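So the chains spell out like this:
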Amino acid sequence: MTKPLVSLDDFEQHALRNLDRNALDYYRSGAQDMITLRENQRAFDRVFIRPRVLRDVSTVSLSTTILGQHIASPICIAPTAMQRMAHPDGELATARAAERRSTCMVLSSWSTTRIEDVAVGSGVKWLQLYVYKDREATRRLIERAQDSGYTAIALTVDTPFLGRRLPDIRNRFRLPPHLTMANFVDQGKAQVGAADNASGLAAYVASQIDPTLNWSHVQWVKSVARIPVLVKGILTAEDARLAVDAGVDGIIVSNHGGRQLDTVPATIDVLEEVCRAVDGRIEVYLDGGVRRGTDVFKALALGARAVFLGRPVLWALNYNGEDGVVEMLDMINEELRLAMSLAGCISVTDITRSHVTIPNQPRL
Ligand SMILES: Cc1cc2nc3c(=O)[nH]c(=O)nc-3n(C[C@H](O)[C@H](O)[C@H](O)COP(=O)(O)O)c2cc1C
Ligand SMILES: CC(C)CC(=O)C(=O)O
């Protein structure tokens, strides 16, 4: 009899045995020595929960809103590129799972399924945006997302160049030939071939993505988009203030899952700094290393409105497609529900800074 999966790590263990090396290494790796990748998870272990008791937790609700849209839980799906390497149904399976669990999915610009084809059903969908050197190609992405019912643009600001991911260089990463960067098929930018002594992806980014990326691009995206614009990849109070000044609608505190600049801090370690700088003026979200309900609880206590999962979605997709992602979301949602119950919180707004303590760290 096969053993039941009991944690998000079990989905990863399955993928480690099941995925081919090119895809597995691409999905799991971080930049350089992967210090930030490890820290993202470890840092959660340094935050401790201060539970309140005797508070009647017979009914607990996880529901909340992001940018005014209702979602059933503060656990959402981060953009990850090329999901059809994990499962033939790829992004479509993820979108259906997100809709079944009434949560938000962020679609990567570099999906292996077209924006329009993922826009099924009524689930909350945002598009993650990379700014191409070809400004018209970028504009078309925004317009296609709007026309297809996506309700926000998450502009990734930490990738003017691709981080140095050693396994992808060793493997000379390539997108399998039966797959494409589906949003760019009509523009001749859809293939990621193997490069000489390099990751095909790093070569693709260097040739297509605009490394001049700066705050004026944020204004440009805002001028094109008729829907809210967020910036994804903020890690400091200084940039958080600039983001508020730039008029963005939200910030995703992210280090790209440890895949860009190695040795930047874990996201949970900078969340409070960012939230203080923002001072409630816009919503702040977090991704990176979230693997347990207690991690979600800690992020909410330190100021996040919601969290986003990256790799766990890929592992769950690989495990069992749409149903796998639903199973994974159910697991971490139930962990959050239990953590809230045992900490005496019956709604997400009950979770406050006083519910966590970080020993040996002076409070900001
Ligand atoms: C395989 C993979 C592909 C990713 N692709 C994108 C992408 O296309 N755009 C983007 O903004 N972030 C991308 N990310 C970063 C995620 O959105 C997110 O920041 C990160 O995965 C969160 O960390 P976690 O994997 O520990 O949950 C990717 C991450 C992974 C692991
Ligand atoms: C830059 C793209 C290759 C996708 C991405 O963000 C990633 O692989 O981390």
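Under an unreviewed UniProt entry, the name given to the protein chain is Oxidase FUB9, and the organism recorded is Coemansia spiralis. Turning to the protein chain, the UniProt annotation filed under Sequence similarities (unreviewed entry) states: "Belongs to the FMN-dependent alpha-hydroxy acid dehydrogenase family." According to the UniProt record, the Cofactor (unreviewed entry) comment for the protein chain is "FMN".

Q: Teacher, can you tell me more about the site of ligand 2 here?
A: Near ligand 2, the surroundings consist of Tyr 26, Ala 81, Trp 110, Tyr 130, Leu 162, Arg 165, Leu 201, His 256 and Arg 259. In the model, an oxygen atom of ligand 2 is placed 2.7 Å from a nitrogen or oxygen of the His 256 side chain. The separation between an oxygen atom of ligand 2 and a polar side-chain atom of Arg 259 is 2.8 Å. Look at ligand 2: alone it shows 270 Å² of surface, and the protein chains cover 93% of it. Among the detected pockets, ligand 2 sits in the largest cavity.

Q: Got a minute to help me understand empty space enclosed by the protein in this structure?
A: Any empty space left between the atoms is revealed when a probe the size of a water molecule rolls over them. Per the stated rule, a full pass over the model turns up 2 cavities of 30 Å³ or more. In this structure, the largest cavity spans a volume of roughly 430 Å³. Taken together, 30 residues form the lining of the largest cavity, with Pro 79, Thr 80, Ala 81, His 256 and Arg 259 sitting closest to its centre. When contributions to the lining of the largest cavity are tallied by element, the ones reaching two or more residues are helix H2 (21–28), helix H8 (200–208), strand E11 (307–309) and helix H13 (311–343). Residues belonging to the lining of the largest cavity are distributed by class as follows: 14 nonpolar, 10 polar and 6 charged. What lines the second largest cavity is Leu 37, Asn 40, Gln 41, Gly 257, Gly 289, Arg 291 and Arg 311. Looking at which element gives the most residues to the lining of the second largest cavity, the answer is helix H3 (residues 35–45), with 3 residues. Residues belonging to the lining of the second largest cavity are distributed by class as follows: 1 nonpolar, 4 polar and 2 charged.

Q: What am I meant to see in the layout of surface pockets here?
A: As a volume, the largest pocket reaches approximately 270 Å³. Lining of the largest pocket is provided by 14 residues; of these, Val 284, Leu 300, Gly 303, Ala 304 and Arg 305 occupy positions nearest its centre. Of all the secondary-structure elements, those providing two or more residues to the lining of the largest pocket are helix H11 (267–278) and strand E10 (283–287). Considered class by class, the residues forming the lining of the largest pocket number 8 nonpolar, 4 polar and 2 charged. Of the voids in this model, the second largest pocket is the one considered here, and its volume is about 220 Å³. Val 157, Pro 160, Leu 213, Asn 214, Trp 215, Val 218, Gly 233, Ile 234 and Asp 239 together form the lining of the second largest pocket. Listing elements by their share of the lining of the second largest pocket, those giving two or more residues are helix H9 (215–224) and strand E8 (229–234). Split by residue class, the lining of the second largest pocket holds 6 nonpolar, 2 polar and 1 charged.

Q: What's the story with the site of ligand 1 in this structure? I'm lost.
A: If you check the shell around ligand 1, you find 23 residues, and the closest are Pro 79, Ser 108, Thr 156, Asp 287 and Arg 291. A distance of 2.7 Å separates an oxygen atom of ligand 1 from a polar atom in the backbone of Pro 79. Gly 310 is positioned such that a nitrogen or oxygen atom in its backbone is 2.9 Å from an oxygen atom of ligand 1. Taking a 2 Å distance to the grid points as the criterion, the majority of the atoms of ligand 1 fall inside the largest cavity. Elements supplying a minimum of two residues to the shell around ligand 1: H2 and H13.

Q: What should I look at first to understand the packing of helix H1 (residues 8–18) against H13 in this one?
A: Axis angle and axis distance: for two packed helices, these are the angle between their axes and the distance between the axes, and together they describe the pair. One way to put it is that H1 packs onto H13 with a least axis distance of 10 Å and a crossing angle of 175°. Between H1 and H13, the angle is such that the two are roughly antiparallel. In this structure, H1 contributes Leu 8, Phe 11, Glu 12, His 14, Ala 15 and Asn 18 to the contact, and H13 contributes Pro 312, Trp 315, Ala 316, Asn 318, Tyr 319, Gly 324, Glu 327, Met 328, Met 331 and Ile 332. Looking at the contact of H1 with H13 residue by residue, the classes come out as 10 nonpolar, 4 polar and 2 charged.

Q: Help me understand the packing of aromatic side chains in this model?
A: The geometry of an aromatic ring pair is captured by two quantities: the separation of the ring centres and the angle between the planes. For the coordinates displayed, the defined rule picks out 11 aromatic pairs. The interplanar angle of 40° and the centroid separation of 5.8 Å between the aromatic rings of Trp 126 and Phe 308 together place this pair among those described as tilted. With Trp 126 in strand E6 (residues 124–129) and Phe 308 in strand E11, the pair connects residues that are 182 residues apart, well separated along the chain. You'll find Trp 126 and Phe 308 in the same group, each marked buried. Chaining the aromatic ring pairs together yields one cluster made of Trp 110, Tyr 130, Tyr 132, Phe 184 and Tyr 204.

Q: Teacher, can you tell me more about the environment of Val 118 here?
A: You can see Val 118 is positioned in helix H5 (residues 115–118). Under the relative-accessibility criterion, Val 118 is labelled buried at 0%. A C-alpha to C-alpha distance of 35 Å links Val 118 and Thr 263, two positions 145 residues apart in sequence. With residues up to four places along the chain from it excluded, the contact list for Val 118 reads Glu 91, Leu 92, Ala 95, Met 105, Leu 107, Thr 113, Lys 125 and Tyr 150.

Q: Looking at this structure, I do not really get the environment of Val 157. What am I missing?
A: When you line up the elements, Val 157 lands in the loop between strand E7 (152–156) and helix H7 (166–171). Exposure remark for Val 157: the relative accessible area of 26% places this residue in the partly exposed category. Expressed as a C-alpha distance, the spacing of Val 157 and Pro 211, which sit 54 residues apart in the sequence, is 10 Å. When residues no more than four places from it in sequence are discounted, the contact partners of Val 157 are Leu 213, Val 231, Lys 232, Gly 233 and Ile 234.

What counts and what doesn't
Residues numbered from 1 in each chain as written. Chains lettered and ligands numbered in written order. Predicted model: local features only at pLDDT ≥ 70, side-chain atom pairs only at ≥ 80, totals over all residues. Heavy atoms only, no water. UniProt positions renumbered as here; feature names shortened; annotations may be inferred. Near = heavy atom within 4 Å. Polar contact = N/O pair within 3.5 Å; in protein donor to acceptor, adjacent residues only side chain to side chain. Areas by Shrake-Rupley, 256 points an atom, 1.4 Å probe, with all protein chains shown as cover. 1 Å grid on protein atoms, 1.4 Å probe; cavity = no way out; pocket = protein on both sides within 12 Å on 5 of 7 lines; lining within 4 Å. Sits in = over half its atoms within 2 Å of the grid points. Points joined across faces, edges and corners; volume = space filled by probe spheres on them. Helix = DSSP H or I, 4+ residues; strand = E, 2+ residues; numbered from the N terminus. Nonpolar A, V, L, I, M, F, W, Y, C, P; charged D, E, K, R; others polar. Axes fitted to C-alpha atoms, helices over the stretch in contact; angles between N-to-C directions. Parallel < 35°, antiparallel > 145°, perpendicular 65-115°, else oblique. Contact = heavy atoms within 4.5 Å. Phe/Tyr/Trp six-rings, centres within 6.5 Å; stacked < 30°, edge-to-face > 60°. Buried < 20%, exposed > 50% of the residue type's maximum accessible area, 1.4 Å probe, protein only.

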